[in-house]
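Descriptive analysis of the structure
Residue strings, one per chain:
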Amino acid sequence: MLRATVSALASHPRAPTPAFASAVARAPPRPRRAPARRPIAHHPRAMASGSTPATTAASASLGRTATPGSTAVADVSAAGAFVRKDAGFRARIEPGGRHPPERDRYHLYVSYACPWASRTLAVLGLKGLEDVVSVTAVHPTWQKTRPNDASDSHAGWAFARPGEVLANPAGVGAFVADDKCAADPNHDDVAFVRDLYDKVGAPPGTRFTVPVLWDKTLGEIVSNESSEIIRDLYGRFDAFAKRPDLDLYPERLRAEIDEINEWVYHGINNGVYKCGFATSQAAYDEACAELFACLDRCEAILEKRRFIAGDVLTEADVRLFHTLVRFDEVYVVYFKTNKKAIREYANLSAYVRDVYQTPGMRQSVDMAHIKTHYFTSHPVLNAHAIVPMGPETDLDAPHGRDTREY
Ligand SMILES: N[C@@H](CCC(=O)N[C@@H](CS)C(=O)NCC(=O)O)C(=O)O
């Protein structure tokens, strides 16, 4: 039985579980590996990185200065509203195209903490593509990615070997990499996800996000947009999939799926971030009202049908699920989305368990990585990097949605 918080606290040095405790014992803290790479200025395709810091009035007033290597936390408007930047790499997997579907050619860089990246893990698990597309997961706690450059305060995803112990970007805490973490197997000069973007000459202002779908043959980023990566994974690799018949985008439900994705994205997937990263009361109030209106809408839909777009699990469920499964454990506290918890919604809470228990899904959820990441990575939001204890959601409890009448 998965007891979410038990594993979540495992990564926290102040309450280690046996697995993490032994990792600590095996591996004494060591200094962060220095990335062995050329400075970005010498990269042939590097643009004038490090030149113009973009600083909004709101972010500057809160000390959230958008340096050249800023993160989404700094992406707030003058009115204090979080405004997500579009993903910059949008190539697709296409037979006969630059990136054709092939076994062992593509690599996914993910974080188990990230709801967008977890969608891609979910599709790998659901379709049975684990042996076709390789995966590396980063350490859940963001790191300073240019620790020797005082003018560059960026913090982001870092690769770590199991047992490696990392503090957060402010030097607080000691968070042990578990067995899901690994060094980048494709490059020995990549210590951070940022380095992958540097390798391909990503333009200034790029957010160094996961997931990244990497083409190992060409040495290129194919895409860093999860909504498109998942469509390619379930749509283009059926020749290699263990479950080619699983259709996550059935013809008869496509219009419904697309319509639901749209408001679920704005109101829920991105909505929780709009609540959490808002820097004004008005922006938070607006995002929070929209979020709960959309959750209420989901609750009503799920009274009438088992899954969000119909009677079968689809892409729309994969996208919705990964926000819901983080909600009570993280967002209610961290993003102040506390008007209601998912466990107070009868349909939504049973639905989360139903989706989680679908064969292939649970491998995409790691509550230790989820909780550790959010609560330790943004010193501006949680100075002491304390990871809350509850609420220990039991995702394996019966859901009853397969036997009830709709
Ligand atoms: N549009 C992207 C968003 C991905 C995204 O925002 N990922 C976050 C983690 S949850 C990230 O890597 N953030 C790093 C940063 O903001 O610098 C997608 O859906 O793939």
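Topic: the nonpolar core
Counting 105 residues, the largest nonpolar core has Val110, Val193, Val210, Leu233 and Val352 as its most contacted members. Element by element, the count of residues in this core is highest for helix H10 (residues 315-334), at 11 residues. Shared between two domains, this core holds at least three residues of each, these being domain 1 (4-54 + 87-236) and domain 2 (252-377). Excluding residues within four positions of it along the chain, Leu233 makes contact with Thr120, Val123, Leu124, Lys127, Leu129 and Val133.

Digging into the pairing of strand S2 (residues 134-137)
Bridge count for strand S1 (residues 106-110) against S2 is 4 bridges, and the pairing is parallel. Pairing of Leu108 across the sheet is with Val135, part of S2. In terms of handedness, the path from S1 via helix H4 (residues 115-127) over to S2 forms a crossover that is right-handed.

A closer look at the site of the ligand
Neighbouring the ligand are 16 residues; Thr71, Ala72, Cys114, Thr209 and Ser226 lie closest to it. Contributing elements (two or more residues each) for the shell around the ligand: H4 and helix H6 (226-236). Considered class by class, the residues forming the shell around the ligand number 8 nonpolar, 6 polar and 2 charged.

Criteria and cut-off values
Residues numbered from 1 in each chain as written. Predicted model: local features only at pLDDT ≥ 70, side-chain atom pairs only at ≥ 80, totals over all residues. Core = buried A, V, L, I, M, F, W, Y, C linked by C-beta atoms within 7 Å. Buried ≥ 20, exposed ≤ 12 C-beta atoms within 10 Å, placed from the backbone. Helix = DSSP H or I, 4+ residues; strand = E, 2+ residues; numbered from the N terminus. Domains from an automatic or database assignment. Contact = placed C-beta atoms within 7 Å. Pairing = 2+ DSSP bridges. Right-handed = clockwise from strand over helix to strand, strands pointing away. Near = placed C-beta within 6 Å. Nonpolar A, V, L, I, M, F, W, Y, C, P; charged D, E, K, R; others polar.

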